[in-house]
Amino acid sequence: MKLIDVARVIRSKNAGPTTLTIDLMFDDETGYRRALAAPSLAASAVAELYGLEPSQVEIIAYPPARSMKIVMDRKLVAGDPGDRDVYGAQQHGPLLGVEV
């Protein structure tokens, strides 16, 4: 099953000029638990997917809202030359096809 099939919301945004966050929200406990346990959503796997070091990625679970937040360093500071997504709103794309 792909993440896009189990998560109700998958979105990204800047959390300052050097940090990106990705929010994952789930309708039910089963999907949430499945995502939490998925090796493909471990910090090391997300880091590899985005070309970062594992130390640059943090996964924060928030059980009361059946949500996860992925926090990672941006490769470029928002607005620097070469930055194609100054708001970080298109950075969740690589996660859509991840198997959970």
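As the structure is a prediction and not an experimental result, all values here were calculated from the model.

The rules we used
- Residues numbered from 1 in each chain as written.
- Predicted model: local features only at pLDDT ≥ 70, side-chain atom pairs only at ≥ 80, totals over all residues.
- Heavy atoms only, no water.
- Helix = DSSP H or I, 4+ residues; strand = E, 2+ residues; numbered from the N terminus.
- Rg over C-alpha atoms; globule rule 2.2 N^0.38 Å.
- Buried < 20%, exposed > 50% of the residue type's maximum accessible area, 1.4 Å probe, protein only.
- Areas by Shrake-Rupley, 256 points an atom, 1.4 Å probe, with all protein chains shown as cover.
- Lys, Arg positive; Asp, Glu negative; His and termini not counted.
- Charge placed at Lys NZ, Arg CZ, Asp CG, Glu CD.
- Phe/Tyr/Trp six-rings, centres within 6.5 Å; stacked < 30°, edge-to-face > 60°.
- Contact = heavy atoms within 4.5 Å.
- Pairing = 2+ DSSP bridges.
- Axes fitted to C-alpha atoms, helices over the stretch in contact; angles between N-to-C directions.

Caption draft 1: Local environment of the overall build of the protein. Tallying secondary structure elements over the protein gives three helices and four strands in all. For the protein, the N- to C-terminal ordering of α and β elements is α-β-β-α-α-β-β. Whereas a compact globule of 100 residues would reach a radius of gyration of roughly 13 Å, the protein reaches 13 Å, a difference of no more than 12%. By residue count, 37% of the 100 residues in the protein fall in the buried class. With the model as given, the accessible surface of the protein reaches about 5600 Å², and the carbon-plus-sulfur share is 54%. Put simply, the protein has 11 plus and 13 minus side-chain charges, and the middle of one group is 4 Å from the middle of the other.

Caption draft 2: Representation of the packing of aromatic side chains in the model. Overall, the coordinates contain one aromatic pair when judged by the stated rule. Ring geometry for Phe26 against Tyr32: centres 6.0 Å apart, planes inclined by 55 degrees, an arrangement best described as tilted.

Caption draft 3: Region of the structure containing the environment of Ile70. If you trace the backbone, Ile70 turns up in strand 4 (residues 67–73). As a C-alpha pair, Ile70 and Thr21 span 49 residues in sequence and 5.5 Å in three-dimensional space. When neighbours within four sequence positions are excluded, Ile70 is seen to be in contact with Leu20, Thr21, Ile22, Leu24, Val46, Val57, Glu58, Ile59 and Leu95.

Caption draft 4: Just the sheet that holds strand 2 (residues 19–26), in detail. Strand order in the open sheet formed by four strands is 1-2-4-3, with antiparallel pairing between adjacent strands. Strands at the two margins of the open sheet, each flanked by one partner only, are strand 1 (7–14) and strand 3 (57–62). Taking each pair of neighbouring strands and ignoring which way they run, the sheet shows an average axis angle of 15 degrees. As defined by bridge partners, strand 3 adjoins strand 4 across six bridges and the pair is classed as antiparallel. Counterpart to Glu58 in the pairing with strand 4 is Val71. Packed on one face of the sheet, helix 2 (residues 29–37) meets strand 2, strand 3 and strand 4 and runs near 30 degrees to strand 4. The strands that helix 3 (residues 43–50) touches are strand 2, strand 3 and strand 4; relative to strand 3, the one it contacts most, it runs at about 130 degrees.

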